[in-house]
Amino acid sequence: MFQEKATIPFIARYRRNLTGGADSVELTKWHAAYELYERIQQKKGKIFCELSKRKEDKRVTPSLLKKVKEAFSLSDLEDLWLPFKEARCTRADVARKAGLETLIDSIYSQTATDTTTDQEFRRIGKLGGYSSDTVNKMAIDLLAERFSESVAVRGRLREFVATQGLFVSSLKKNSDPRKVKLSSPTLKSKKRKRSHEDVQANQNLGTYHHYHNWTCSFRSIRHHQLLAIERGVKDGALSVTVKFLRGDNGRISTVSKEKQLRFLVGLIRKNAGVEFCKDKKCRRREFLLDQGAQEAWTRLIRPSLVREIRQKMRNAAHKDAIECFAENLHSLLMQAPRRGYNVLGIDPGFRNGCKLATVDSQGSVIETANIWPFSKQISGADAKKTVTAMCDRGNIEIIAIGNGTASKEVELWLSRISKLPSIIVDEAGVSVYSTSAAARDEFGSMDPLSIGAISIARKLQDPLSEMVKVPPASLGVGMYQHDLSEKDLENRLGLVVSDVVSNVGVDVNTASVSLLRHVSGLNRKTAAAIHKYVREVRPLKNRQELLRVQGVGPKAFEYAAGFLKISNGNCFLDQTNVHPEAYKVVATVLRSLCIDEKDLVLADGESSCSVACGARALLSKTLESSKKIDHLCKVTSSDPETLSQILSSLLKRNHDPREDGKRSSLNDRPSNAKELKVGATITGVVRNRTPFGSFIDIGVGIDALLHNSQMSAEHKSTVKVGLVVNVDIMSVDLVRKRIGVSSSKRKKIRSD
């Protein structure tokens, strides 16, 4: 299915019988493994193709070809291809041109004696005009290349680097002060009293003070720590070096550089099959082999393997950060909507005033305005009149306030002049959208700040429809997203958005291009074509009419049709999650159960009759009975997974999975961080979830950190973006703008 370019949402919903019921998360992992397998196979093909052109090369043996065929990782393939890699002229190439290769072959195979070695060195030096030291260095260079190209040597040293590597980081003395923000003493509850030297040292370290004189092994470093030190290096604030340890009796201890080199030389020679020889006639040969092994480690193998291992660790950290971002984005997009309300959206502010926008229950703009409720030059009474008049004209039922600057002040001011309920809405991504090309296409030359107020109002009504207009990376729920691969981040987050949009479903006749383009099987071009057809030709009456749209072919239709719903069409199944390919199966099932389609349509109406309720009850009992499912499988020649999916879709025809979530309002919170008191319990909403903890918006302009070590067992398993939690204040650092909290003993959620 992956080879046929089938989308993950399509496979997860309509091909469950072929995947054992795997969900989109599991399918995403399978897809990543499939892509890795494809890269390995492509790499093998290229290597086989190149080796077939070098049949005269003595190094191309059946044993080598077998190893290439059996290799199961990219690093193994790189090691096997290394001797054949074309590179610029190396020091070993110079030695080879000087005629040393035959002698080095005999030294490496330990057949040369000191006498023959000295004679050959003098001959080559005389022919090429080289000094004895130069010939000696060239021989060591060629031996170093031999050792470094050994697959066994690189494999064993790769293991050594991975298990014994150690990061050592420290703050740069001449680092840019703009990158190193000064910190201050932190107000903490019941902590040890710090000395003046501790405080002064902490003030001199700044943002990266945790990583000053910090060490951590490759095996135990956490992904967020690796990303942090790499960000510090990028900012010019940290210097990071790599050292190595030796484990003795399970304990880690440092050793001298000389002792470590002797150990590594022995390790290299042992794995290369070049054992030590104590024969006095071979001392010079053994010295050259030792020097070659040492040179191979210090100049060739160590830098290469450290880069390779660090890249693997970096890739794993980036993958973890992207998955963290994807998980948070999924929770954010799945926030429950508040449909059916006329909303007043407010983008709060002090100097530039507050931007107002009223929208009706369908999200259409009624009017916009500006007010200055906190200005000394403009009367607050005028602002009150404007808000009251707009609420009356638009029949406003609820007020949405952005959580930016002055949000708390606006909320308090509104509570004095209006009885309408108000809700704080996260502004993340609003400013990005208000200045985007999509906003200009929709609103023309309207002031971006007014567009922001409209977006805040719509975000309360339907978070998903509004957030898909914004690049996912701008939604503020990631970790070190600016250090990640833009392509990988965009691809992964695109899958999340597509999965959420497809699972929620889209009304094809009312959806925007921004929403349609994320539906499984569609892209920006086909989404625009569908939107244009619906607006300029006519609304679609059934799913089959999608094929009339230019650019929507059989494959696009197959992958997208089940996720596009049509209200008020001529086929009630077009309002369900049932795929058109299963419509005949549905007809057979309904005939077998003696249910009329009209009864299912009535079951969703306001005046459900007893017949309609009986039809739903019969479907529900059938879904719960394995015997009845097996009987229907025989009648329809279908499978249990498909039939269960069909019955569930018929029972939940207009179900929105986001409605299963809990809505909450956060109004009773402090105005600013100065009002916070250590030990106080406060309510907040999770804005970001990371591997080391969660960031909680407590309404003071600074997100508090709920570290994993301060998190209750219940919170660890349930905390996600958008969840409302009660936390206890542990520390407040106003200078560094850091607030520490712990899980409260009170109930974790307060929902309306």
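Trainee: In this structure, what is going on with the overall build of the protein chain? I would like to understand it.
Mentor: Counting its secondary structure elements, the protein chain contains 30 helices and 18 strands. Residue burial in the protein chain is summarised as follows: out of 752 residues, 48% are buried. Residue pairs in contact within the protein chain that sit at least 24 positions apart in sequence constitute 67% of those at least 6 positions apart. A total of about 39,100 Å² of accessible surface is found on the protein chain, and carbon and sulfur atoms cover 50% of it.

Trainee: So what exactly am I meant to see when it comes to the sheet that holds strand β3 (residues 214–217) here?
Mentor: Where strands meet in a sheet, backbone hydrogen bonds hold them as pairs that are either parallel or antiparallel. Sheet architecture is open: three strands sit in the order β3-β1-β4, paired in antiparallel fashion. The open sheet has two edge strands, β3 and β4 (238–244), and neither has a second partner. Between one strand and the next, the sheet's axes are offset by a mean angle of 20°, whatever the strand orientation. As judged from the seven bridges shared by strand β1 (residues 165–171) and β4, these two strands associate in the antiparallel manner. What sits directly across from L171, in β4, is L238. Running at roughly 45° to β1, helix α10 (residues 151–164) makes contact with β1 and β4 of the sheet.

Trainee: In this structure, what is going on with the confidence of the model for the protein chain? I would like to understand it.
Mentor: Predicted coordinates in areas of low pLDDT are best not read in detail. The predicted model of the protein chain has a mean per-residue pLDDT of 81, with 89% of residues at 70 or higher. Taken together, the stretch residues 747–752 has pLDDT below 50 and engages in 24 contacts with residues farther than four places along the chain or on a different chain.

Trainee: Just checking my understanding: could you explain unusual backbone geometry for this structure?
Mentor: Peptide bonds are trans in most cases, and residues, glycine excluded, mostly fall at negative phi. Positive phi values are uncommon outside glycine, yet Q110 reaches one of about 60°. Among the structural elements, Q110 can be located in the loop between α7 (101–108) and α8 (114–128). With a phi angle near 50°, N213 is a residue other than glycine that sits in the positive phi range. Among the structural elements, N213 can be located in the loop between α11 (196–205) and β3.

Trainee: I keep staring at the packing of aromatic side chains and nothing clicks. Help me out?
Mentor: Counting across every chain of the model gives nine aromatic pairs. Between F160 and F263 the ring centres are 6.0 Å apart and the planes differ by 45°, which places this aromatic pair in the tilted class. With F160 in helix α10 and F263 in helix α13 (residues 257–272), this pair connects stretches of sequence that are 103 residues apart. Under the relative-accessibility criterion, F160 is labelled buried at 3%. Classification of F263 as partly exposed rests on a relative accessible area of 26%. Aromatic side chains F244 and W297 sit 5.6 Å apart centroid to centroid with 65° between the ring planes, which places their arrangement in the edge-to-face category. In this pair, F244 sits in strand β4 while W297 sits in helix α14 (residues 283–333), placing the two residues 53 residues apart along the sequence. For F244, a relative accessible area of 7% gives the class buried. The class for W297 is buried, based on a relative accessible area of 4%. Taken together, F160, F244, F263 and W297 form an aromatic cluster joined through their ring pairs. The ring centre of F276 lies 4.3 Å from the NZ or CZ of R269, which sits over that ring.

Trainee: Whenever I open this one, empty space enclosed by the protein confuses me. Can you help?
Mentor: Empty space left among the atoms is revealed by rolling a probe the size of a water molecule over them. Counted under the stated rule, the structure contains one cavity of 30 Å³ or more. Here the largest cavity defines a volume of roughly 30 Å³. In terms of lining residues, the largest cavity is bounded by A428, G429, V430, S455, K459, E466, M467 and V470. Only α19 (448–461) and α20 (463–467) provide two or more residues apiece to the lining of the largest cavity. A per-class count over the lining of the largest cavity returns four nonpolar, two polar and two charged.

Trainee: Before we go on, may I ask you to explain the side chain of R543 in this structure?
Mentor: Here R543 lies in the loop between α23 (524–536) and α24 (554–560). Given the relative accessible area of 1%, R543 is considered buried. Separated by 3.5 Å, the side chain of R543 and the backbone oxygen of G562 make a polar contact. Setting aside residues up to four positions removed in sequence, R543 forms contacts with F557, A561, G562, L564, K565, I566, L573, D574, T576, V578, P580 and Y583.

Trainee: Which parts of the structure should I look at to understand the nonpolar core?
Mentor: Ranked by internal contacts, the top residues of the largest apolar core, which has 130 residues, are L100, F167 and W297. Of the residues forming this core, the biggest block, 18 residues, is contributed by α14. L100 has contacts with A95, F121, I124, V135, M138, A139 and L142, leaving out every residue within four places of it along the chain. Formed by 21 residues, the second largest nonpolar core is a distinct cluster that contains L573, L593, I629 and I646.

Trainee: What should I look at first to understand the packing of helix α3 (residues 24–52) against helix α4 (residues 62–70) in this one?
Mentor: Packed helices, taken two at a time, are described by their axes: the angle between them and the distance between them. Two elements in contact, α3 and α4, have axes separated by 10 Å at closest approach and are oriented at 165°. Judged by the angle between their axes, α3 and α4 are roughly antiparallel. The way α3 lies across α4 gives a crossing that is left-handed. Contact residues: α3 offers K44, I47, F48 and L51, while α4 offers L64, L65, V68, K69 and E70. Here the contact of α3 with α4 is built from residues that sort into six nonpolar, no polar and three charged.

Trainee: Quick question: what am I supposed to make of the sheet that holds strand β7 (residues 343–347) here?
Mentor: With mixed pairing, the five strands of this open sheet are ordered in space as β9-β8-β7-β10-β11. Every other strand in the sheet has two partners, leaving β9 (365–371) and β11 (422–425) as the edge strands with one partner each. In this sheet, neighbouring strand axes are inclined to one another by 20° on average, regardless of whether the strands run parallel or antiparallel. Across four bridges, strand β10 (residues 398–402) lies against β11 in parallel orientation. Considered in β11, the bridge of I399 is made with S422. On top of the sheet, helix α15 (residues 380–393) reaches β7, β8 (354–359) and β9; it is set at about 175° to β9, its chief contact. The strands that α19 touches are β7, β8, β9, β10 and β11; relative to β8, the one it contacts most, it runs at about 50°.

Trainee: Looking at this structure, I do not really get the packing of α3 against helix α5 (residues 74–81). What am I missing?
Mentor: Relative orientation of the contacting elements α3 and α5 amounts to 15°, with a least axis distance of 10 Å. In terms of axis orientation, α3 runs roughly parallel to α5. Relative to α5, the crossing made by α3 is left-handed. Contact residues: L36, R39, I40, K43, K44, I47, E50 and L51 in α3; L74, L77, E78 and W81 in α5. Class assignment of the residues belonging to the contact of α3 with α5 gives a composition of seven nonpolar, no polar and five charged.

Trainee: Looking at this model, I keep getting lost on the environment of D279. Mind explaining?
Mentor: Positionally, D279 belongs in the loop between α13 and α14. As for D279 and T113, which are separated by 166 residues in sequence, their C-alpha atoms are 9.8 Å apart.

Basis of the calculations
Residues numbered from 1 in each chain as written. Predicted model: local features only at pLDDT ≥ 70, side-chain atom pairs only at ≥ 80, totals over all residues. Heavy atoms only, no water. Helix = DSSP H or I, 4+ residues; strand = E, 2+ residues; numbered from the N terminus. Buried < 20%, exposed > 50% of the residue type's maximum accessible area, 1.4 Å probe, protein only. Contact = heavy atoms within 4.5 Å. Areas by Shrake-Rupley, 256 points an atom, 1.4 Å probe, with all protein chains shown as cover. Pairing = 2+ DSSP bridges. Axes fitted to C-alpha atoms, helices over the stretch in contact; angles between N-to-C directions. pLDDT = per-residue confidence, 0-100. Phe/Tyr/Trp six-rings, centres within 6.5 Å; stacked < 30°, edge-to-face > 60°. Lys NZ or Arg CZ within 6 Å of the ring centre and 35° of its normal. 1 Å grid on protein atoms, 1.4 Å probe; cavity = no way out; pocket = protein on both sides within 12 Å on 5 of 7 lines; lining within 4 Å. Points joined across faces, edges and corners; volume = space filled by probe spheres on them. Nonpolar A, V, L, I, M, F, W, Y, C, P; charged D, E, K, R; others polar. Polar contact = N/O pair within 3.5 Å; in protein donor to acceptor, adjacent residues only side chain to side chain. Core = buried A, V, L, I, M, F, W, Y, C linked by side-chain atoms within 4.5 Å. Parallel < 35°, antiparallel > 145°, perpendicular 65-115°, else oblique. Left-handed = near helix turned anticlockwise from the far one by under 90°.

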